[in-house]
Structure formats: C-alpha cells, structure tokens
Amino acid sequence: MQSGGEIGGQPEPCWKRPEGPLNVWKVVEADDGTGNKVRVSIQDVPNDPAKREEVIQLMLDHYLADEAISSYMNEKSDPLAEKDLRVIWTYCMSHGITVGAYKLGESGQLLELLGVSVLYVCTPETNEEVGNIVERLQSPNQSKMSRVVGDLWERSDEEFNKVFGEEPHIAGWGMVVAKQFRGQKLGVELLEARKKIGQKYKIPATRSVFTSAISQSTARRAGFVSVFEIDYEKIVNDAGVPEFPGFKEKTLKIMARRC
C-alpha cells in the first residue's frame, strides 16, 4: 500500500479512519476542582489544525513533565525532543482516531481539552512509516527512548500475537490528563474508548507501553493485561550498561486488550 499524499510536510498515512462525522464515545461528569460538575465528552479530536495544536500543547505541558521516561530524561527542557514529538504526534493524529476528553459548554460546544490519548493504527505499512520518522529524530534523548522502547515492543510481539493475533491493532504514543482533573477516571475512560474504536473500524485489539505503576494500574482498570514486562534495572545496552540508572519506577509493562 502506498501513501497517497502529504499532510503538513509528512506523508499521508497508509491507514486513515473512513470519512464521517466525529465520534462521541461517551459523555461523563467530572469535578472542575471547585466543586462544580462539568460534562466531559470522550470523543475524536476534530480534524482541525487548532484542535490538533491544542493536543500537542497539552502533551508538551503535562506529558513531558509527568511521563516516567520523559521526566527522567528531562525532555521538557530539550527543544529537539519537543520538535521530534511534535512530528510524531502529528503523524499519529493524521490517522484520525486520537481521543480527547473535552469540557463541554451549556450548548455542547468544546470549551477545553482536559486529557488526550494519542493513537494510531499499527500495521506493517504504518510500522514502516513510523520507522522512517524515528530514523530522522534529532534529539539524542528521543532517539534513545525510541530505540529502547522499540526493542522492547518487538520483544512483546510473540506473546501479543499468540494471544491477540497478528491483525492490525490500535497503538498509543502517549496519554495525559490535566492535573486538576486527575483521579476522576478520565484516563480509564480514554483507554476504554479504544474498545469502541476497534469495534467500529474492525480493529481487533490494542497495545501500548505503560512506563509507571500509576499508568499500569489505570490500564488494568480499563481491561488491559500485560504481554511483556521488564524491570528497569534489567534494561541494558549491548555492553550490559543500564539504560536508565537510578530510575524511580520499578517495571515497564507493555499491555494489551481485545476490542
């Protein structure tokens, strides 16, 4: 399958969701931090440059500071890492299945992005596209992370394929909820939306890397099971040197569920 064009200077992905209206997967309530209840729409991120930029800004502001490996590498202070991730997240969003948690206004308008799960569909063709992006990364930190996590992802293939099959599946490249809305199951809702996405587009499973105990607990609550796990102290390079010395988290897990 060949790419059919370009989006923002990047090749158009080999997989894109079919044309159609935005999907609203669920509407829930959350506390806005002042005791007031607000309605939150768990839905597709609109195919609009401003809405996609809102996703990138939320990820840069919160994900880089809070995700375990990004925080360890201090990527928030690495302009090249931010540039690399902007390219990666833009590519993922071009698949059209990234899920946002939006605060709704009284008439149902989207007021504010409270959380997001950046998603793409993993196929042999899109794996090649992702590989081409990774080869052009400019940040040594992001290059290292992509290399190490990519190797672990490949090590999870055998168990994942045995349990879930070798069909295309939904993969994630980061999820975050704004701090004032954490602890209200919005992360669980974002993960659970993958089941509905898979059912609608006939994608049988989903898989992601979860780098901290908190994210792994959230994934378990959303029905994910581990298909590969390794203690950080055992992640070493070819010379046997630890890749993440002094890392505060104990275990990295790659987890999956059926859609």
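(A) Geometry of the state of the cysteines. Within the structure shown, the criterion is met by zero disulfides. There is no disulfide at cysteine 14, and the cysteine sulfur nearest it, in cysteine 122, is 12 Å away. On the basis of relative accessible area, cysteine 14 is assigned to the buried category, the value being 15%. Of the cysteine sulfurs around cysteine 122, a residue in no disulfide, the closest is that of cysteine 92, at 10 Å.

(B) Representation of the pairing of strand S6 (residues 110–122) within the structure. Most of S6 is tucked away, with ten of its 13 residues classed as buried. Sheet topology places strand S5 (residues 99–104) next to S6; six bridges connect them, and they run antiparallel. Of the residues in S6, the one forming a bridge with alanine 101 is glycine 115. Taking the residues that link successive antiparallel strands as the turn, the S5-S6 hairpin has five residues, and the phi of glycine 108 there is positive, at about 90°.

(C) Structural detail: the sheet that holds strand S7 (residues 169–177). Strand order in the open sheet made by the eight strands is S3-S4-S5-S6-S7-S8-S10-S9, with mixed pairing throughout. Strands at the two margins of the open sheet, each flanked by one partner only, are strand S3 (24–31) and strand S9 (225–231). Strand-to-strand twist of the sheet, defined as the mean angle between neighbouring strand axes without regard to direction, takes the value 25°. Across seven bridges, S3 lies against strand S4 (residues 37–44) in antiparallel orientation. Across the sheet, the residue bridging to alanine 30 is valine 38, located in S4. Those strands touched by helix H3 (residues 79–93) are S6 and S7, and its axis lies near 80° from that of S6.

(D) Quick look at the packing of helix H6 (residues 186–201) against helix H7 (residues 213–221). Viewed as axis vectors pointing N to C, H6 and H7 meet at an angle of 55°, and their least axial separation amounts to 9 Å. Comparing their axes, H7 and H6 come out oblique. The element H6 and its partner H7 pack so that their crossing is right-handed. Only Thr218, Ala219 and Arg221 of H7 make contact with H6, whose side of the interface consists of Gly187, Val188, Leu191 and Glu192.

The rules behind these values
- Counting restarts for each chain, with residues numbered from 1 along the sequence as it is written.
- The predicted nature of this model means local features are confined to residues of pLDDT at least 70 and side-chain atom pairs, given and counted, to a pLDDT of 80 or more, with totals for whole chains, interfaces and linings taken over all residues.
- Water and hydrogen atoms were dropped before computing side-chain values, which therefore reflect all heavy atoms in the structure.
- What counts as a disulfide here is a pair of cysteine sulfur atoms lying within 2.5 Å.
- Exposed residues in this analysis have more than 50% of their type's maximum accessible area, buried residues have under 20%, and partly exposed residues fall in between, with area computed by a 1.4 Å probe over protein chains only.
- Secondary structure counts use DSSP, requiring at least four H or I residues in a row for a helix and at least two E residues in a row for a strand, with both numbered from the N terminus.
- Note on pairing: DSSP must find at least two bridges between two strands before they are called paired.
- The axes are straight lines fitted to the C-alpha atoms, using for helices just the contacting stretch, and the angles between their N-to-C directions are given from 0 to 180°.
- Only heavy atoms matter for contacts: two residues are in contact if any of them lie within 4.5 Å across the pair.
- Comment on the angle field: the value is read as roughly parallel under 35 degrees, roughly antiparallel over 145, roughly perpendicular from 65 to 115, and oblique elsewhere.
- Crossing handedness follows the turn of the near helix against the far one: under a right angle anticlockwise gives a left-handed crossing, and clockwise gives a right-handed one.

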